[in-house]
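# Tertiary structure, described
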Amino acid sequence: GAGVSQSPSNKVTEKGKDVELRCDPISGHTALYWYRQSLGQGLEFLIYFQGNSAPDKSGLPSDRFSAERTGGSVSTLTIQRTQQEDSAVYLCASSLGRARDGYEQYFGPGTRLTVT
Amino acid sequence: GENVEQHPSTLSVQEGDSAVIKCTYSDSASNYFPWYKQELGKRPQLIIDIRSNVGEKKDQRIAVTLNKTAKHFSLHITETQPEDSAVYFCAADSGAGSYQLTFGKGTKLSVIP
């Protein structure tokens, strides 16, 4: 079946502009996660959504970052007033449940964001 | 919150040798520890995981060990092959109720033919 998809695959934007990154999770997956991967860094957790529960936003680095998930499916990560330090690969993942309960997180291909 | 440290950051081995990557974690409530492999330009993929009720798990050439008392776990790859070259990430879950995984910074493994 189809895996997690993300768009665009690459995005170049000017400092100060807003950007929107999109994630389409695997159909039926109730949990959706956003991570940031900077050069030489690991996978930095940003936010996750689980069903109809309030999202866990504890990883968002500043109030310029926000995310929403409409209809329990597609998610959009928005970065306002982009800064050069926002340049990174943004990865989305989805799962049927919690990892500790045996549900794998499946990753998308990522969106490479470059802020000039 | 959970903190995961991973060592080494880079590792080069000759083909056929073994490779070991080590991670430590801070939250004693964590009980699930996956390992992901990310090949160049590709997405991370789960290769093996372990839960706190076992000390070791093996799948062909890869194995993971867990010492819950010391809060560390390790990935062992035997008889390495060039296709094992990738970045490997360890992770730990963030305790009961949370869906969050905390990842280490990754180890770039190079297998030299």
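Above: the structure in question.
Residues numbered from 1 in each chain as written. Chains lettered and ligands numbered in written order. Predicted model: local features only at pLDDT ≥ 70, side-chain atom pairs only at ≥ 80, totals over all residues. Heavy atoms only, no water.

## Section: the sheet that holds strand S3 (residues 19-24) of chain A
Residue and element names in this part refer to chain A.
- Read across the open sheet, the 4 strands follow the order S1-S3-S7-S6; overall the sheet is antiparallel. The open sheet terminates on both sides in strands that have one partner only, identified here as strand S1 (5-7) and strand S6 (65-69). Strand-to-strand twist in this sheet, taken as the mean axis angle between neighbours without regard to direction, amounts to 15°.
- As defined by bridge partners, S6 adjoins strand S7 (residues 75-79) across 5 bridges and the pair is classed as antiparallel. (Pairing = 2+ DSSP bridges. Helix = DSSP H or I, 4+ residues; strand = E, 2+ residues; numbered from the N terminus. Axes fitted to C-alpha atoms, helices over the stretch in contact; angles between N-to-C directions.)

## Notes on the side chain of Arg-98 of chain A
- Summarising the element assignment, Arg-98 of chain A is placed in the loop between strand S8 (88-95) and strand S9 (106-107).
- Within the structure, Arg-98 of chain A has its side chain in polar contact with the side chain of Asp-101 of chain A (distance 2.9 Å). (Polar contact = N/O pair within 3.5 Å; in protein donor to acceptor, adjacent residues only side chain to side chain.)

## Regarding unusual backbone geometry
- In the segment running from Ser-7 of chain A into Pro-8 of chain A, the intervening peptide bond is cis, with an omega of -10°.
- Along the chain, Pro-8 of chain A turns up in the loop between S1 and strand S2 (10-13).
- Each neighbour pair has its own omega, and for His-7 of chain B with Pro-8 of chain B the value is -5°, a cis peptide bond.
- Relative to the elements of secondary structure, Pro-8 of chain B occurs in the loop between strand S1 (4-7) and strand S2 (10-14).
- Located in the positive-phi region is Gln-60 of chain B, a residue other than glycine, with phi close to 55°.
- Position of Gln-60 of chain B among the secondary structure elements: in the loop between strand S6 (56-59) and strand S7 (62-67).
- Taking relative accessible area as the criterion, Gln-60 of chain B reaches 72% and is therefore assigned exposed.
- A positive phi angle, near 60°, is found at Lys-71 of chain B, a position not held by glycine.
- Examined against the element boundaries, Lys-71 of chain B turns out to sit in the loop between S7 and strand S8 (72-77). (Buried < 20%, exposed > 50% of the residue type's maximum accessible area, 1.4 Å probe, protein only.)

## A word on the pairing of strand S9 (residues 86-93) of chain B
All names here are of chain B.
- For S9, the tally of buried residues reaches 7 of 8 residues, placing the bulk of the element in the interior.
- Pairing geometry for strand S4 (residues 32-38) and S9, over 4 bridges, is antiparallel. Opposite Trp-35, over in S9, you have Cys-90 as the bridge partner.
- Two strands pair when backbone bridges link them, and S9 and strand S11 (residues 107-112) are joined in this way by 3 bridges, in the antiparallel orientation. Along S11, the bridge assignment pairs Tyr-88 with Thr-107.
- When S9 meets strand S10 (residues 101-103), the two strands line up antiparallel, connected through 3 bridges.

## Points about the environment of Glu-79 of chain B
- Topologically, Glu-79 of chain B is positioned in the loop between S8 and S9.
- Contacts of Glu-79 of chain B, omitting those with residues within four sequence positions, involve Gly-16, Asp-17, Ser-18, Arg-61 and Asp-84 of chain B. (Contact = heavy atoms within 4.5 Å.)

## Overview of the interface of chain B and chain A
- Each partner contributes residues to the interface: chain B has 22 residues there, and chain A has 26 residues.
- Interface of chain B and chain A: buried area, both sides summed, is about 2,000 Å²; carbon and sulfur atoms make up 52% of it.
- Joining chain B to chain A, the criterion identifies 1 salt bridge.
- Listing elements by their share of the side of chain B that touches chain A, those giving two or more residues are S4, strand S5 (45-51), S9 and S10 of chain B. (Buried area = accessible area lost by both parts, 1.4 Å probe. Salt bridge = Lys/Arg side-chain N within 4 Å of Asp/Glu carboxyl O.)

## Focus: the state of the cysteines
- Scanning the model with the defined rule gives 2 disulfides over all chains in all.
- Residue pairing for Cys-23 of chain A: its cysteine sulfur links by disulfide to Cys-92 of chain A, the two sulfurs lying 1.8 Å apart. Taking the sign of the S-S torsion, -65° for the link of Cys-23 of chain A and Cys-92 of chain A, the bridge is left-handed. Remark: Cys-92 of chain A occurs in strand S8 and Cys-23 of chain A occurs in strand S3; sequence separation between them is 69 residues. Across this residue pair, the class does not change: Cys-23 of chain A and Cys-92 of chain A are buried.
- Bridging Cys-23 of chain B to Cys-90 of chain B, the disulfide has an S-S length of 1.9 Å. Where Cys-23 of chain B bonds to Cys-90 of chain B through sulfur, the torsion about that S-S bond is close to -100°, and the disulfide is left-handed. (Disulfide = S-S within 2.5 Å.)

## Some words on the side chain of Glu-2 of chain B
Residue and element names in this part refer to chain B.
- Turning to its location among the elements, Glu-2 is positioned in the segment before S1.
- Buried charged residue Glu-2 carries no salt bridge. Nearest counter-charge: Lys-71, at 7.9 Å.
- Within the structure, the side chain of Glu-2 is placed 2.7 Å from the backbone nitrogen of Ser-26, a separation counted as a polar contact.
- Among residues more than four places away in sequence, those in contact with Glu-2 are Tyr-25, Ser-26, Asp-27, Ser-30, Ala-92, Asp-93, Ser-94 and Thr-102. (Lys, Arg positive; Asp, Glu negative; His and termini not counted.)

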